[in-house]
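Per-entry structural report
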Amino acid sequence: MRIDVPAGWIVSGTGVLQNPEEVLTSTARERLSRVLDSDATITIVGADEVGAGRSTAAGDRLVWHFVAEQVNDFAWATAENFVWEATRATIPGKGPVPIHMVYLPGRANRFERAAELTRHALEFYSELWAPYPFPQLTLQDGPSAGMEYPMVINSNQGAADHETAHQWWPMMVGTNETWYGWMDEGFNQYMNILSGADLRGVEPVLDGRGQSYGNISGNEAEPPMMWAANYGGSMYGFQTYSKTPLMLSMLGGVVGDAEVQRAISEYTHAWAFKHPSPWDFVFFMDNALGQDLGWFWYYWLWTTESVDGSIADVTTSGTVTTVTVRQDGQMPSPVVLDILFAPDGPPIRPMSNSEMVDDVTARVTWPVDVWFSGSRTFQARLDFGGRRIERITFDPGCRFPDRNPSDNVWSADGRTDRAACTR
Ligand SMILES: [Zn+2]
């Protein structure tokens, strides 16, 4: 791409500038040569350097030549008074790449944290999914703020994390945002949760999100995720952006969050610079996770149904406690119960499908198949050797969509306070 502009106008864009000696001053070229040496932010062209011979090379007109490989679009910006700053991100397994920022004078406050946030996003998502594949990333200031292109985001610090994430989809994994926004904006919202937590040095909160969908399921304005965004209607934002983290929260409740992220990382590697359909994604995930999740994808992607589980009854006879779990929704789920035992009594003898969460809490799981015969109730048989049970919680991580979670808890003392939603 060759862009012919008046001398003095700075041009940014997709690709790598091929002719800096023709369009930049020697001062700017010297400053650029130091960008990859540290995480410092270096001013390439300052607010007081304006005009031909000062912001750019001297002359009447200059032709800026950019070359880009493996890109599905091209974007550029120009201004006669851009401030140009640059820093670096260090991509795991690859090395440092430059981050460029061009903004209008007087708007520096919108870029104060942009270098830090963009560096974190590039490094974190590279580690999470696959290394950032491009040779640079540029933040462009202007009337468009919050839009993504290959190697370019029209963004200040406000959307830097989210727009940088788009480099993975649709720039690297070429998904169709209009038809299947959940594979693009939806995955983006999920990874933003992980990145935001990492930036703050805390664990990401994925508990509770899946359950919260129970409050939305049933709203007739909600289109299924597989409807094209053009038919999203008043709930376009929820359908395209917000629902996917709820879906992946439940998936984490079925297979574990680390497994979800491992599988999506493998999907990213396998489908880089290709164009996966939703079917490519779900079949890839089933293979990567080693199980047929057709029931899961069907209800989340093609319907607006929810789970709605509850504990209907608890009876004890000898060392055996029978929990009647009821399912009133159309979407099934595994049966996951946390069993809180009394502090004293006979030793707690684990079951083959249980694991200890702490000294007095066991988590016991039955697969989703228990619902496939069509029954609305499942008798969960607990035999832990006779230790008295104080409390039983269905879906302790609050991962499964549920309009009324208050019936998910049974207590020996009759209290039915809600689950704490912690795994
Ligand atoms: Zn977006």
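Scope of this entry: the structure provided in the associated data block. (Residues numbered from 1 in each chain as written. Predicted model: local features only at pLDDT ≥ 70, side-chain atom pairs only at ≥ 80, totals over all residues. Heavy atoms only, no water.)

Here we look at the pattern of salt bridges
- In the structure shown here, the tally under the stated rule is 16 salt bridges.
- For Arg262, the salt bridge identified is with Glu259, shortest N-O distance 2.8 Å. Here the residue Arg262 and the residue Glu259 both occupy positions in helix α9 (residues 257-271), the gap between them amounting to three residues, near one helical turn.
- Here Arg262 falls in the partly exposed class, since its relative accessible area comes to 30%.
- Overall, Glu259 belongs to the partly exposed group, its relative accessible area being 30%.
- Through salt bridges with shared partners, a single ionic network connects Asp39, Arg88 and Arg119. (Salt bridge = Lys/Arg side-chain N within 4 Å of Asp/Glu carboxyl O. Helix = DSSP H or I, 4+ residues; strand = E, 2+ residues; numbered from the N terminus. Buried < 20%, exposed > 50% of the residue type's maximum accessible area, 1.4 Å probe, protein only.)

As for the sheet that holds strand β9 (residues 137-140)
- Read across the sheet, six strands follow the order β4-β7-β8-β9-β11-β10 without closing on themselves; strand pairing throughout is mixed. What marks the edges here is a single partner per strand, and that holds for β4 (42-45) and β10 (147-149). Across the sheet, the axes of successive neighbouring strands diverge by a mean angle of 25°, strand direction being ignored.
- Running at roughly 25° to strand β7 (residues 83-91), helix α3 (residues 114-128) makes contact with β7, β8 (95-103) and β9 of the sheet. (Pairing = 2+ DSSP bridges. Axes fitted to C-alpha atoms, helices over the stretch in contact; angles between N-to-C directions. Contact = heavy atoms within 4.5 Å.)

What to know about the packing of helix α10 (residues 278-289) against helix α11 (residues 294-302)
- Contact pair α10 / α11: the axes reach a minimum separation of 10 Å and the direction vectors enclose 150°. The angle between the axes of α10 and α11 places the two elements in the roughly antiparallel class. Between α10 and α11 lies a crossing of right-handed hand. Residue-level contacts link Trp279, Phe281, Val282, Met285 and Asp286 of α10 to Gly294, Trp297, Leu301 and Trp302 of α11.
- Classifying every residue of the contact of α10 with α11 gives seven nonpolar, one polar and one charged. (Parallel < 35°, antiparallel > 145°, perpendicular 65-115°, else oblique. Left-handed = near helix turned anticlockwise from the far one by under 90°. Nonpolar A, V, L, I, M, F, W, Y, C, P; charged D, E, K, R; others polar.)

Some points on the coordination of the zinc ion
- Listed as protein donors to the zinc ion are His162 (NE2), His166 (NE2), Glu185 (OE) and Glu185 (OE); their distances from the metal cover 2.0 to 2.6 Å.
- Coordination geometry of the zinc ion: the four donor atoms subtend angles of 55 to 149° at the metal centre, consistent with an arrangement described as irregular.
- Mapping the donors of the zinc ion onto the primary sequence gives the spacing H-x3-H-x18-E. Highlighted residues: His166 in the loop between α4 (160-165) and α5 (167-172) and Glu185 in helix α6 (residues 185-200), separated in sequence by 19 residues. Just as His166 is buried, Glu185 falls in that class too. (Donors = N, O, S within 2.8 Å, 3.2 Å for Na, K, Ca; no water. Tetrahedral: all angles 85-135°; square planar, octahedral: opposite > 155°, others 65-115°.)

Observations regarding the environment of Leu62
- When you line up the elements, Leu62 lands in strand β5 (residues 61-67).
- Residue classification places Leu62 among the buried positions, given a relative accessible area of 6%.
- C-alpha separation for the pair Leu62 and Gly253, spaced 191 residues apart in sequence, amounts to 57 Å.
- The contact partners of Leu62, leaving out residues within four places of it in the chain, are Ile3, Asp4, Val5, Ala7, Glu22, Val23, Thr56 and Ala57.

So, to be careful, I would describe these as geometric facts and stop short of saying anything about function.
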